[in-house]
Amino acid sequence: MTSTPYTVADVMTTKVIAVTPTTGFKDIAAAMERWKVTALPVIEGEGRVVGVVSEADLMPKEEFHEHRPGLIEQMRRLGDTAKAGSTRAEDLMTTPAVTIRPDATLPRAARLMADRRIKRLPVVDADGTLKGIVSRADLLKVFLRTDEDLTAEIRQSVVERLFPLSHEAVKVTVSQGIATLTGQVRDSNLIPVAERLTHSVEGIVDVRCRLEPSTTA
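What you see is a predicted model, and the numbers here were worked out from it, not measured in a lab.

Here is what the cut-offs are and how they apply
What you see as residue numbers is a count from 1 along each chain, following the sequence as written. Local features in a predicted model are, by the rule used here, given only for residues with pLDDT of at least 70; side-chain atom pairs are given and counted only at 80 or more, and totals for whole chains, interfaces and linings are based on all residues. Side-chain measures here rest on the full set of heavy atoms in the structure, leaving out hydrogens and waters. Strands are runs of DSSP state E lasting at least two residues, helices are runs of H or I lasting at least four, and both sets are numbered from the N terminus onward. Relative accessibility decides the category of a residue: with a 1.4 Å probe and only protein chains considered, values under 20% of the type maximum give buried, values over 50% give exposed, and everything between is partly exposed. In these tables, accessible area is a Shrake-Rupley quantity obtained with a 1.4 Å probe, and a residue counts as shielded only by the protein chains included in the view. A pair of strands counts as paired when DSSP detects no fewer than two bridges linking them. Between Lys or Arg on one side and Asp or Glu on the other, a salt bridge is scored when a side-chain nitrogen of the former is within 4 Å of a carboxyl oxygen of the latter. Angular values range over 0 to 180 degrees, each being the angle between N-to-C directions of two axes fitted as lines to C-alpha atoms, with helices fitted over their stretch in contact. Contact definition: two residues touch when any of their heavy atoms are within 4.5 Å. An arc is given here, and it is the one of the directions from the helix axis to the C-beta atoms.

A.B. asks: When you look at the overall build of the protein in this model, what are you seeing that I'm missing?
C.D. replies: The helix and strand tally for the protein stands at ten helices and seven strands. Split into buried and exposed, the 217 residues of the protein put 40% on the buried side. Counting every atom, the protein has about 12,900 Å² of accessible surface; 51% of that belongs to carbon and sulfur.

A.B. asks: Looking at this model, I keep getting lost on the pairing of strand S5 (residues 170–175). Mind explaining?
C.D. replies: Each regular strand carries side chains that alternate between the two faces of the sheet. Across the two faces of S5 the burial differs, with Val-170, Val-172 and Val-174 buried and Lys-171, Thr-173 and Ser-175 not buried at all. One ladder, built from six bridges, connects S5 with strand S6 (residues 178–185); its direction is antiparallel. If you follow Ser-175 over to S6, its bridge partner there is Ile-178. Count of turn residues in the S5/S6 antiparallel hairpin: two residues, of which Gln-176 carries a positive phi of about 55°.

A.B. asks: Honestly, the pattern of salt bridges in this entry has me stumped. Any pointers?
C.D. replies: A side chain with one charge may pair with a side chain of the opposite charge, provided their charged atoms come close. On inspection of all chains with the given rule, the structure shows seven salt bridges. Note that Glu-44 is salt-bridged to Arg-48, the shortest N-O span being 2.3 Å. A salt bridge links Arg-145 to Asp-149, with the nearest nitrogen and oxygen atoms 2.9 Å apart. Connected via shared salt-bridge partners are Arg-145, Asp-149 and Glu-153.

A.B. asks: Looking at this model, I keep getting lost on the sheet that holds S5. Mind explaining?
C.D. replies: The strands making up a sheet associate through backbone hydrogen bonding, with each pair oriented either parallel or antiparallel. The strand order across the open sheet built from three strands is S5-S6-S7, with neighbouring strands paired in mixed fashion. Strand pairing shows two members of the sheet lacking a second neighbour, S5 and strand S7 (206–213), which therefore form its edges. Here the average twist between neighbouring strands, direction ignored, is 5°. This element, helix H9 (residues 147–162), spans S5 and S6 of the sheet and lies at about 150° to S5. Along the sheet, helix H10 (residues 191–199) contacts S6 and S7; its crossing angle with S7, the most-contacted strand, is approximately 160°.

A.B. asks: Can you help me understand helix H7 (residues 106–116) in this one?
C.D. replies: In an α-helix, one turn spans 3.6 residues, which is why side chains three or four residues apart end up on the same side. Buried within H7 we find Leu-106, Ala-109 and Met-113. Within H7, the buried residues cover an arc of 60° as seen down the axis, which keeps them to one side. Exposed positions of H7 whose direction lies more than 90 degrees from the buried face are Arg-108, Ala-114 and Asp-115. The elements touched by buried residues of H7 are helix H1 (8–11), strand S3 (120–124), strand S4 (130–135) and helix H8 (136–139).

Such coordinate-based values are descriptive only and should not be taken to indicate function.
As C-alpha cells, then:
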C-alpha cells in the first residue's frame, strides 16, 4: 500500500572504476589510491563482471614480502600464498563476484553485504554486465530525505489509503526522521498496520504511533 520502495538503481554510483583480468598489481593499487576505493570489479569483454579485487586480495603480497611461508603455512593458507606470488587481477581477484541487480531493494542489498561481510556490491544486469556499484554509504542516502518529504509520503501512501474516511483527523509529523502519528481513526484494527507501513517508508528512523479508536460512530 506504500509507494514503490527504493531500489539499488536509485542510490547506486554509475561511474565505476574497473580493471580487466590482465591489469597488473601496481596499476590496481594505484587505481585504489587514486579513486579512494577499497575494491574494484574485474570485467572482461563488453563489461561482464568476472570477479572483484580488494585490498584484502593485495595484502598477502606485503605480508609475505620479507619471508617465505613454511610448508605448513602454505597448506593452511593456500589462497593467500598463491595471491602473494600473483601479479595480475585474474590471479588476485575473488571469484565469482558477489553482485546484485539494479531492481533489488535496499534491505536486500544491506542483508547481502552483512551476510558476506563486504562493503560494496557490483550492480549487474541479467547478462552480468556492470551497471554500477552500490556501497554501504549509498544505502544510507535514503536517510538524507527531508522531514517534509517523509511527512508527505506517509500522509499520502499510508494515512489517506488506510483511513479514507478519517484521514483528516490524523496528524503526521516527522522530526529528524522520527515519525509521529496522532489522532482518532474509525477502524482500530488498522492502527498496527499504519505503524508497520510507516516504518517501511525509506528514510524513517523510528515511529511513534499514538492513534486511537474514534469515539464517534
